[in-house]
Every structure is written in C-alpha cells, then in structure tokens.
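An overview of the molecular structure
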Amino acid sequence: MLLSLLRKPKSATISAVNIRLSGGTSPLFSTLGHQPLLSSAEVQPLTKSALQSLVLSHYHHGKFRSLLQNVVASPSLLLTACHNLRKHAPDSLPPPLTLDWVSAQFFSLQELSSQLSESSLDVESCCVSVFPEARRGTPLVLPNLKLKVVLEAIRIVLEVIYDDRFATFSYGGRANMGRHTAVRYLKNSVENPSWWFSVKFDNELFGARHVDKLCLMLGEKIEDSELLDFIRRLFECQVVAINLGGVCLGRGLPQECALSSILINVYLNGFDKEVQDLRLKMNKENPEFKENELVPGESSSVNVFYKPVKIYAVRYLNEILIITSGTKMLTMDLKNTVVMFMEQNLDLKVDRRRTVIHSAVSEKIHFMGMELQAVAPSVLRPPMTEKAIRARKKYLRQKEVRLLELKNARERNRKKLGMKLMNHVFKKLKRSNGFKFDFQIENEVRQIFSTWADEVVHEFLRSVDERWEWHRELSSGDFLSLGRIRDLLPHDLVDAYDNFQHQVDKYLKPVKAKKELEEEVRRREEEEETEVCSKNCRGFDKALRQSRCTHRTHTKGRQNGWIYQ
C-alpha cells in the first residue's frame, strides 16, 4: 500500500507488553489513585449511537473540544477499541470484553485512561524498534498493545467526526467503502469514457511541513491542542508513517492501521472538494436531456444521440483516478488543474513523467493494482475481418512451404556431401594400386571426418559469444555440483563430471578464449610487421648493392680515361 501505519503481530506485541509491565509499577502510574475506580459492570463497549452521542456532546460553537481528555480517555471508548482490535471469525460474534479481563490479561484500562486525561502518556516508551540483522538501514518502529488501543480510539473519534464530510468518491479507510465498492462504482457509473489519467506521487514520506498542514486541517473542526500534539508525537516517533510514493521499507507484508487511512483522507479532503466543484461546473455547462426532449429536424429521419461531457473521479487513499468523456484538450486542462492544486495547496510532489493521459478505448486502466477495461474486449481487440483471416492463412501456408523447402535443402546437401566423401574415398582407393580386400578404409574415413570436424570446431571457436553461451549452458545449474548430491553418487561418475567441467573450462571459458583470440591477433600482427620489415630490408640491401656496383664502374672508367657527360 501507499501509506502504512506500522504494526506488530499480536503475539509479539503481547510479549512486548509483558516485558514492559513485568518490571513493576512505573512512577507515571501514581495518578491512578486520585480517580475513582470503575467496576466491570459500569464500563461496557459503546454502541454506534452511544459513540456518536458521546462525541457530539463535546461540539460547541462549531468545533469539537476536549476530545483527548474526555472522549479518547473514556474507559468505555478504550474498551470499544480493544473490542475492535480483537480478531474473530466473520460468521460468529466474539464474547464481549470486560474491564477486569483486559486489566488482568494485558494492562489496566483505567490507568491508561488516567494517563490520557493528564496528557502524561509517554509515546516513546510504548514503541519498539526492530533493527535489521545487518544493523544497517532504517529500524522498524512498532507500537505495543497499549499504544495500539490508543490509536484505535483516536481513529474511532475521527471517523465519527469526518466520515459524513468525505466525498462520495473517497474510498479506503471507511466502513463499507473498500476496493470492491470502488470497482463497483466504476462499473455501474462510468459511461462513454474517452480519456483517463491517474495521479502519481514521488516517493516521499510525510515530513514536518505535511504534519503541520494536517494539524491545521484538523484544527478547522477540532479545537484540542493536546490531541493535535499527540498526533505530532506519533509522527515524530515514526510509529505512524505515511509514504505517498510507495512502501519506504520495501520488505515484508503491509502492517497498516486504519488511523493512517483516515488521516490521509482528511489531508486530501480539500482535493476531493475541488474535484467535486469541477464536476458540478461541468454538469451545469453540459446538462442532461431525456430521450423525448431530443427531437430531430423536420426533414431529418435520423435519431439524435446526445452524450454529455462527464468527469468521473475515484480516490482510494492516495491512488487517484480521473476519467472523462470529453475531448483530450479538456482532459489536459483538468490534469494541469489537478497537478497544480496538489503542488500548491497540498505541498505534494507529483511525478509528471508518470501522470500522463491515456485512451480509455485503446488502453487498459491501471488502478489499485488491477487492470480495468472501460470498453468491451471486442473494442480493445477487435475481431479479424475475412480479408485479414485469408491473408493470415496464406501467410501460414507460405511459411509451411518455406520450412519444407529448407528441410529438403538440408537433406539434399547432406546427400551431396556424403557423395563427395565417398567419391574422395574411391579416388584414394583407386590411386592405391586397385582394390584390395584387406584394405582398411576406416582410417581414411576417420581422418576425413576428423579434418572436417576440426575445421568446423575451429570456425566455431572463433566467436567469443558462442563460447560464452555454451560455457554458461554446460557449467551452470547442474545438481552434480552440490556437495550433498556428490556424496551420494559413485566416485567414477563424480570424477567423470569433474573431468568434463575441466574440459569445458579449458576450451570454452570466455576469459581464456578472449585471451587466446587476442594473442592470435597480436601474433598475426607481429608476423605481418616482421614480413613487411623483411621485405623492406631486402629492398634496401638490393638498392645498396646496385649503388656499390655503379660506384665501382664509375671509378674504373675515370681511371681508363672515360669522360662522362
């Protein structure tokens, strides 16, 4: 998922709580004696109507006040949170929890209520850091069971306040508003789609500026500085982490809490309202008409079809999909408006390279890890026409004919080669004083085939790529190289395998083959240079001898009285 509140498995969390509580009573628990102890009969899990009444009772002058001390810290609400965290079979309701049972098994709810009322709960002491084995990388911060109960209680209160204020196309982190409901909405509501795009974010964690903006949004409806400071502390301790571009840790299964979902819904609620205003504006500019209101002209006998321009939006947490039934220019303007709102109003970094417009008619829609089709499969992959079917059949027949011709050509070449070999052997026998019955032709045939094979192998070994391919095929993925397998096999078989691998490395190893080829090229270059040098030396010696002979002749002529003109 794109946002994650890190949680710990149930068994591991209980053990962590037991370790925390086994050391005795902390000084923070000394305030418990100043409040009256409630009996198990007086504290019961709250129903939905009772929960709404409890939250709405603290609504004064347009804002909710003192929620952390009077609502979240209520033992009844904490017991309700424990009930929600307990896993049970979907077909059977679990027995209701009691205050005494939870206090005896895990921790005291009244003590936790007192700490929340006095704002003395230490969040850092309720967190467990799990470091990787290599002691490198970011540690995984997990809440213990006590803090999980507090997070669930805060989620319940925020759900009562904000659930009715969210847009109708906002899914995720809400009751009966999950992924299947979003897909059902797309299936039943989207008509005549033409273009679509999804908003992609850069891989970025919620920083301090995002948390401050989130607290400002919460402050529009909630006037409780202690609750907002507690949410800030959750982000500072990294027990609550929201990553818009993907899972930051990149390992394990998602361990999410619904508090992250409702927080991101609150943060993107302004975007939902902006999209809702754009949809209402588009509906006013393109009103719908009934079929009886669409009357063709007097001289026209053709039915009139009217398709109004629509904007469809679906948001599942921070995955946003927008579909239009208008032109591409309209979709481009809408995309620019959305990207600008995200970057300027919400201070989010949008990946413009991946936020692109796609055709709903020729491409599938990728949303929530699924591939959706806005049109029928026959439109995405239309059936072939009769002409195309005939052309494909003709191509397949021609392909079969070519394959058959190649096969016959190979057989014909083999026969010609065999006849040449036999003709060569016959000539050899004929030149050896006729036929002799005691003449052994096996050696001649073996020598001919050996020469032919050496030429083929020599030609093949010139390519380093082919050597590397054969070396990889013959030396990798063999179970005979495993130690536990070699111990169970006969020694002769293991020795034969080792000898085979030695020959493979000797003749086909890429590094060695490359060195041999480089050595051969270098040797040829040296031979050519030596040959050129020797030719130049021979020419120089010849010219020197000619010049010496000319000098002798000239000297002898001068002595005999010759005159050279």
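Structural data are supplied above this passage.
The present account deals with the structure reproduced in this document. (Residues numbered from 1 in each chain as written. Predicted model: local features only at pLDDT ≥ 70, side-chain atom pairs only at ≥ 80, totals over all residues. Heavy atoms only, no water.)

Some details on the overall build of the chain
Convention followed: In DSSP terms, a helix is any run of H or I states spanning at least four residues, a strand is any run of E spanning at least two, and both are numbered starting from the N terminus. Here's how the labels work: a residue is buried when its accessible area is under 20% of the maximum for its type, exposed when over 50%, partly exposed in between, all with a 1.4 Å probe on protein chains only. In what follows, a contact means two residues having at least one pair of non-hydrogen atoms within 4.5 Å. A 1.4 Å probe and the Shrake-Rupley method give the accessible areas. Residues count as covered only by the protein chains that appear here.
Summing up its helical and strand segments, the chain has 20 helices and 12 strands in all. Out of the 565 residues belonging to the chain, those deemed buried represent 34%. A separation of at least 24 residues holds for 73% of the contacts in the chain among residues at least 6 apart in sequence. Surface accessibility of the chain: about 36800 Å² in total, with carbon and sulfur atoms responsible for 55%.

Some words on the sheet that holds strand 1 (residues 59-60)
Put simply, the rule reads: Note: two strands are recorded as paired if DSSP finds a minimum of 2 bridges between them.
The 3 strands lie next to each other as 1-2-7, forming an open sheet whose pairing is mixed. This sheet does not close on itself; its edge strands, each paired only once, are strand 1 and strand 7 (222-223).

With respect to the pairing of strand 8 (residues 311-316)
Counting buried positions along strand 8 yields 6 of 6 residues, so the element is predominantly enclosed. Neither face of strand 8 is left uncovered, since the one carrying Ile311, Ala313 and Arg315 and the one carrying Tyr312, Val314 and Tyr316 both have all their residues buried. As paired elements, strand 5 (residues 170-171) and strand 8 share 2 bridges and run parallel to each other. Directly across from Tyr171, in strand 8, lies its bridge partner Tyr316. Relative to strand 9 (residues 319-324), strand 8 runs antiparallel, the two being bridged by 6 bridges. Following the sheet pairing, Ile311 is matched in strand 9 by Thr324. Linking strand 8 back to strand 9 in an antiparallel pair, the connection comprises 2 residues, with Leu317 at a positive phi of about 60 degrees.

Regarding the sheet that holds strand 8
Selection criterion: An axis is simply a line fitted to the C-alpha atoms; with a helix, the fit covers only the stretch in contact. Between two such axes, the angle follows the N-to-C directions and lies from 0 to 180 degrees.
On the basis of which strands lie adjacent, the open sheet formed by 5 strands has the order 5-8-9-6-10 and mixed pairing. Each edge of the open sheet carries a strand with a single partner, namely strand 5 and strand 10 (358-359). As judged from the 5 bridges shared by strand 6 (residues 195-199) and strand 9, these two strands associate in the antiparallel manner. Residue pairing for strand 9: Ser198 is matched across the bridge by Leu321. On top of the sheet, helix 8 (residues 179-189) reaches strand 5, strand 8 and strand 9; it is set at about 170 degrees to strand 8, its chief contact. Each of strand 5, strand 8 and strand 9 is contacted by helix 12 (residues 269-285), which is oriented at about 165 degrees to strand 8, the strand it contacts most.

Considerations on helix 9 (residues 208-219)
Using the following cut-off: By definition here, a helix of n residues has an expected span of 1.5 Å times n minus one.
Here helix 9 contains 12 residues, and its C-alpha end-to-end distance of 16 Å stays within 8% of the 16 Å for a straight helix at 1.5 Å per residue. Along helix 9, the positions that sit buried rather than exposed are His210, Val211, Leu214, Cys215, Met217, Leu218 and Gly219.

Brief notes about the pattern of salt bridges
The line we're drawing: Salt bridges are defined as contacts in which a side-chain nitrogen from Lys or Arg sits within 4 Å of a carboxyl oxygen from Asp or Glu.
Enumeration over the complete set of coordinates arrives at 12 salt bridges. One salt bridge in this structure joins Arg155 and Glu159, with 2.8 Å as the shortest N-O distance. Of this pair, Arg155 and Glu159 are both found in helix 7 (residues 145-162), 4 residues apart, which corresponds to roughly one turn of the helix. You can call Arg155 buried: its relative accessible area is 12%. The closest approach of N and O atoms between Arg174 and Asp163, which form a salt bridge, is 3.2 Å. Taken together, the positions of Arg174 in the loop between strand 5 and helix 8 and Asp163 in the loop between helix 7 and strand 5 put the pair 11 residues apart, joining distant regions of the chain. With relative accessibility at 15%, the residue Arg174 sits in the buried group. Overall, Asp163 belongs to the partly exposed group, its relative accessible area being 22%. A single network of salt bridges, built from pairs that share partners, joins Glu152, Arg155 and Glu159.

Notes on a nonpolar patch on the surface
Basically, it comes down to this: Patches were defined on residues exceeding 30% relative accessible area and lacking a salt bridge, with like-charge contacts within 9 Å and nonpolar side-chain contacts (Val, Leu, Ile, Met, Phe, Trp, Tyr) within 5 Å.
Together, Leu417, Phe449 and Trp452 line one region of the surface with nonpolar side chains, adding up to about 270 Å² of accessible area. Taking the relative accessible area as the measure of exposure, Trp452 reaches 39% and is therefore partly exposed.

Points about the side chain of Ser113
Looking at the element boundaries, Ser113 is found in helix 6 (residues 109-117). For Ser113, the contacting residues outside a window of four places in its chain are Ala73, Ser74, Pro75 and Leu78.

Topic: helix 7
Taking 1.5 Å of rise per residue, the 18 residues of helix 7 would be expected to cover 26 Å, and the 26 Å separating its terminal C-alpha atoms lies within 8% of that figure. With 16 of 18 residues buried, helix 7 lies mostly within the body of the structure.

Structural notes on the packing of aromatic side chains
The condition is simple: Here a Phe, Tyr or Trp ring, Trp counted by its six-membered ring, pairs with any other such ring whose centre lies within 6.5 Å, and the pair is stacked when the planes are under 30 degrees apart, edge-to-face when over 60, and tilted otherwise.
Scanning the model with the defined rule gives 7 aromatic pairs in all. Ring centres of Phe271 and Phe341 lie 6.4 Å apart, and the angle between their planes is 45 degrees; this geometry places the pair in the tilted category. Taken as a pair, Phe271 in helix 12 and Phe341 in helix 13 (residues 328-344) lie far apart in primary sequence, 70 residues in all. You'll find Phe271 and Phe341 in the same group, each marked buried.

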